Number of protein chains: 2
Amino acid sequence: MGTTQLESVQEPKYWHLRTVLSEALDSDFAVGEVLPNERDLAARFGVARATLRQALEQLELEGRLQRRRGVGTTVAPPRVGVPVATARQGGVEGDADEAWQPLECTTATAPAAVAFTLDIDATEPVHVVRRIRVVHGQALAAELLYVPTSSVPELSAIEVPSGPARARSVVRELHRLGLEGQDRSVELGSARADDAKELDRLPGAPVLVVTTRYLSAAGTAAVSVATYRADTCRLTFGDAGALEISHDEQERQAS
Amino acid sequence: MGTTQLESVQEPKYWHLRTVLSEALDSDFAVGEVLPNERDLAARFGVARATLRQALEQLELEGRLQRRRGVGTTVAPPRVGVPVATARQGGVEGDADEAWQPLECTTATAPAAVAFTLDIDATEPVHVVRRIRVVHGQALAAELLYVPTSSVPELSAIEVPSGPARARSVVRELHRLGLEGQDRSVELGSARADDAKELDRLPGAPVLVVTTRYLSAAGTAAVSVATYRADTCRLTFGDAGALEISHDEQERQAS
DNA sequence: CAGTGGTCTAGACCACTCA
DNA sequence: GAGTGGTCTAGACCACTGT
């Protein structure tokens, strides 16, 4: 008959919903606007709440939505471009180090894999510095910076008490070494409970895990494991701050 | 009384399950081994299947598990380190270009955001090259490479028919320009239907979206949007192939 | 307190893979 | 066709936020 080929490939409901909602976000909503609550939305689209939630989860993963328990679902602003490495990445300067805010510092043994990367014995003590990266008053990343005590010999004599002051000392001493460059890797992870708390997210929230190896003439001087909020961050490498491609734009397929 | 503080903070069941399963994976399972099916596992832990699945989803997101419909759930190998940029990223050579396998090439107008980044008019035609990055016989990434026709003037005269051959021509011409460097950004996304197909994933699967701007003396010569499988890939920058920190190792918290 | 998103249940059916 | 993971439902209760 005359019925036009309708969804014969049968995409899942939640996926179709995601597309519909995504288009609605583009045309009918402004950044920061709150959406109707999940029960209403589900009823409006004639699906179970769980299905509606599956669509919202997708959109949140893509950085389009922001959901807060007890508050509601709002339209998220475009992702922040976060400089992770500049073009001259061999530079001695601490890159965007001023953005990191030291919280505390303890001394302990490093996790096995970190010890391996540092090329030290697993029993050798390391300074563990806890830092967060704050932009516009919001924490974008939480980091653990592992610095072998042997890398910063000056410090052991000083004996600053634990806390932010000591964290700053360790970072200062590290910079004094004259770092020659960094190695980095980026992968997807989920926030541990402690990181989630710093980032104001729930445990298990998707994060981009940036592992950095700081190189000095003597070898690996320190290792940092930083977890960035995947929902709000776009990591940039090589002064690509100008890159302004957003996800909804990529949606359209050139054919 | 004598009851020892047991889970008073009440973490969600699925999160606790994730931890239990994660430890079980470390101690009792080998890479590639298949887990019991979801219904059995759920029964064994005394939870609903949906809850068990929430835990499995977490572990899959972290690259610990691999799930295939009709087959089962298996223990995933450690993530592959994928070189995205080398230390001398200003190099003219195509980096790990040999790993990219051209599929086809069409000519069309670029999406608005891509046109903006290329600094061209949205109506100007661009070559759209479709490539996939294959390692060990498995597709790790799918890419759309946008090259303005004005960037590669030689090509319009040649008139190679659409297809892999033409794709190769465009890439070759692009390299001939003498590229001066690249800008990159990395963010989390979900696979579009076409990308999902190339990557052997379901639509919506988590991917790392790498947007690269190729710079020539004249400005932005091309833009590429590559989607990497987030479950299997660890993107490395600056010859950090040696970085071997895996997620389960990060689990332990130094305190 | 009312209203929101987060968790959880116990089912059902479907799509896919493989023997 | 048997067995797997993927989708979907219609409820329930909880944790959190604001007023």
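Residues numbered from 1 in each chain as written. Chains lettered and ligands numbered in written order. Predicted model: local features only at pLDDT ≥ 70, side-chain atom pairs only at ≥ 80, totals over all residues. Heavy atoms only, no water.

## Observations regarding the overall build of chain A
Phase 1: Tallying secondary structure elements over chain A gives eight helices and 10 strands in all.
Phase 2: Expressed as a percentage of its 255 residues, the buried residues of chain A come to 53%.
Phase 3: Within chain A, counting contacts between residues at least 6 apart in sequence, those at least 24 apart form 62% of the total.
Phase 4: Put simply, chain A shows about 11900 Å² of open surface, and 53% of that area lies on carbon and sulfur atoms. (Helix = DSSP H or I, 4+ residues; strand = E, 2+ residues; numbered from the N terminus. Buried < 20%, exposed > 50% of the residue type's maximum accessible area, 1.4 Å probe, protein only. Contact = heavy atoms within 4.5 Å. Areas by Shrake-Rupley, 256 points an atom, 1.4 Å probe, with all protein chains shown as cover.)

## Some remarks on the protein's contact with DNA strand D
Phase 1: The full set close to DNA strand D counts 27 residues, and Lys-13, Ala-48 and Thr-51 of chain A together with Gln-10 and Arg-49 of chain B are the nearest of them.
Phase 2: Here DNA strand D approaches the protein such that, of its atoms within 4 Å, sugar and phosphate make up 68%.
Phase 3: Here a phosphate oxygen of DNA strand D sits 2.2 Å away from a polar atom, N or O, in the main chain of Lys-13 of chain A.
Phase 4: Contributions of two or more residues to the surface near DNA strand D are made by helix 1 (13-28) and helix 3 (49-61) of chain A together with helix 2 (38-45), helix 3 (49-61), strand 1 (65-68) and strand 2 (72-75) of chain B.
Phase 5: The element that contributes the greatest number of residues to the surface near DNA strand D is helix 3 of chain A, accounting for four residues.
Phase 6: Looking at the surface near DNA strand D residue by residue, the class counts come to eight nonpolar, eight polar and 11 charged. (Near = heavy atom within 4 Å. Polar contact = N/O pair within 3.5 Å; in protein donor to acceptor, adjacent residues only side chain to side chain. Nonpolar A, V, L, I, M, F, W, Y, C, P; charged D, E, K, R; others polar.)

## Concerning the pattern of salt bridges
Phase 1: Tallied over the entire structure, the rule returns 35 salt bridges over all chains.
Phase 2: Measuring nitrogen to oxygen at the nearest pair gives 3.8 Å for the salt bridge that ties Glu-60 of chain B to Arg-201 of chain B. Here Arg-201 of chain B lies in the loop between helix 7 (193-198) and strand 8 (206-216) and Glu-60 of chain B lies in helix 3, a separation of 141 residues in the sequence.
Phase 3: Through salt bridges with shared partners, a single ionic network connects Glu-38, Arg-49, Arg-53, Glu-57, Glu-60, Arg-67, Arg-201, Arg-229 and Asp-231 of chain A. (Salt bridge = Lys/Arg side-chain N within 4 Å of Asp/Glu carboxyl O.)

## Describing the sheet that holds strand 10 (residues 233-237) of chain B
Phase 1: Spatial ordering of the open sheet is given by 4(A)-5(A)-6(A)-9(A)-8(A)-7(A)-10(B)-3(B), a layout of eight strands whose pairing is mixed. Of all strands in the sheet, those with a lone pairing partner are strand 4 (100-109) of chain A together with strand 3 (80-85) of chain B, marking the two edges. For this sheet the average axis-to-axis angle between neighbouring strands, irrespective of direction, equals 20°.
Phase 2: Pairing of strand 5 (residues 125-135) of chain A with strand 6 (residues 138-148) of chain A involves 10 bridges; the strand directions are antiparallel. For Val-129 of chain A, the partnering residue across the bridge sits in strand 6 of chain A and is Leu-145 of chain A. (Pairing = 2+ DSSP bridges. Axes fitted to C-alpha atoms, helices over the stretch in contact; angles between N-to-C directions.)

## Considerations on the protein's contact with DNA strand C
Phase 1: In the vicinity of DNA strand C there are 27 residues, among which Gln-10, Arg-49 and Arg-53 of chain A together with Lys-13 and Thr-51 of chain B approach most closely.
Phase 2: A distance of 2.8 Å separates a phosphate oxygen of DNA strand C from a polar atom in the side chain of Arg-53 of chain A.
Phase 3: Backbone polar atom of Gly-70 of chain A to a base oxygen of DNA strand C: 3.2 Å apart, as the coordinates give it.
Phase 4: When residues of the surface near DNA strand C are traced back to their parent elements, those giving at least two are helix 2 (38-45), helix 3, strand 1 (65-68) and strand 2 (72-75) of chain A together with helix 1 (13-28) and helix 3 of chain B.
Phase 5: Broken down by element, the surface near DNA strand C gets its largest block of residues, four residues, from helix 3 of chain B.
Phase 6: For the surface near DNA strand C, the class distribution of residues is eight nonpolar, eight polar and 11 charged.

## Details of the packing of helix 2 of chain B against helix 3 of chain B
Residue and element names in this part refer to chain B.
Phase 1: Look at helix 2 against helix 3: their axes get within 9 Å of each other, and the N-to-C directions meet at 105°. The angle between helix 2 and helix 3 places the two elements in the roughly perpendicular class. Contacts between helix 2 and helix 3 involve Glu-38, Arg-39, Leu-41 and Ala-42 from the former and Arg-49, Leu-52, Arg-53 and Leu-56 from the latter.
Phase 2: Tallied by class, the residues present in the contact of helix 2 with helix 3 amount to four nonpolar, no polar and four charged. (Parallel < 35°, antiparallel > 145°, perpendicular 65-115°, else oblique.)

## Here's the deal with the nonpolar core
Phase 1: In terms of nonpolar packing, the biggest core is built from 34 residues, with Tyr-228 and Leu-235 of chain A together with Val-186, Tyr-228 and Leu-235 of chain B touching the most fellow members.
Phase 2: The contacts of Leu-235 of chain A, once residues within four sequence positions are left out, are Val-82, Val-84, Val-186, Leu-208, Val-210 and Tyr-228 of chain A together with Arg-184, Ser-185 and Val-186 of chain B. (Core = buried A, V, L, I, M, F, W, Y, C linked by side-chain atoms within 4.5 Å.)

## Section: the pairing of strand 1 of chain A
Residue and element names in this part refer to chain A.
Phase 1: Bridge analysis of strand 1 against strand 2 gives four bridges, and the strand direction is antiparallel. Across the sheet, the residue bridging to Arg-68 is Gly-72, located in strand 2.
Phase 2: Following strand 1, the chain reverses through three residues before pairing antiparallel with strand 2; Gly-70 in that reversal takes a positive phi of roughly 80°.

## Some words on the packing of helix 1 of chain B against helix 3 of chain B
All names here are of chain B.
Phase 1: One way to put it is that helix 1 packs onto helix 3 with a least axis distance of 8 Å and a crossing angle of 55°. Taken together, the axes of helix 1 and helix 3 are oblique relative to one another. Of the two possible hands of crossing, helix 1 and helix 3 adopt the one that is right-handed. Facing Lys-13, Tyr-14, Trp-15, Leu-17, Arg-18, Leu-21, Ser-22 and Leu-25 of helix 1, the residues of helix 3 in contact are Thr-51, Leu-52, Gln-54, Ala-55, Leu-56, Gln-58 and Leu-59.
Phase 2: Here the residues of the contact of helix 1 with helix 3 are counted per class, giving nine nonpolar, four polar and two charged. (Left-handed = near helix turned anticlockwise from the far one by under 90°.)

## Considering the pairing of strand 8 (residues 206-216) of chain A
Residue and element names in this part refer to chain A.
Phase 1: Within strand 8, nine of the 11 residues are buried, which leaves it mostly tucked inside the rest of the structure.
Phase 2: As paired elements, strand 7 (residues 181-190) and strand 8 share 10 bridges and run antiparallel to each other. Its bridge partner lying in strand 8, Asp-183 is registered against Arg-213.
Phase 3: In this sheet, strand 9 (residues 219-229) lies alongside strand 8 in antiparallel orientation, the contact comprising 10 bridges. Opposite Thr-212, over in strand 9, you have Ser-224 as the bridge partner.
Phase 4: Turn length for the strand 8-strand 9 hairpin, with the two strands adjacent in sequence and antiparallel, is two residues.

Function-wise, these values are silent; they only describe arrangement.
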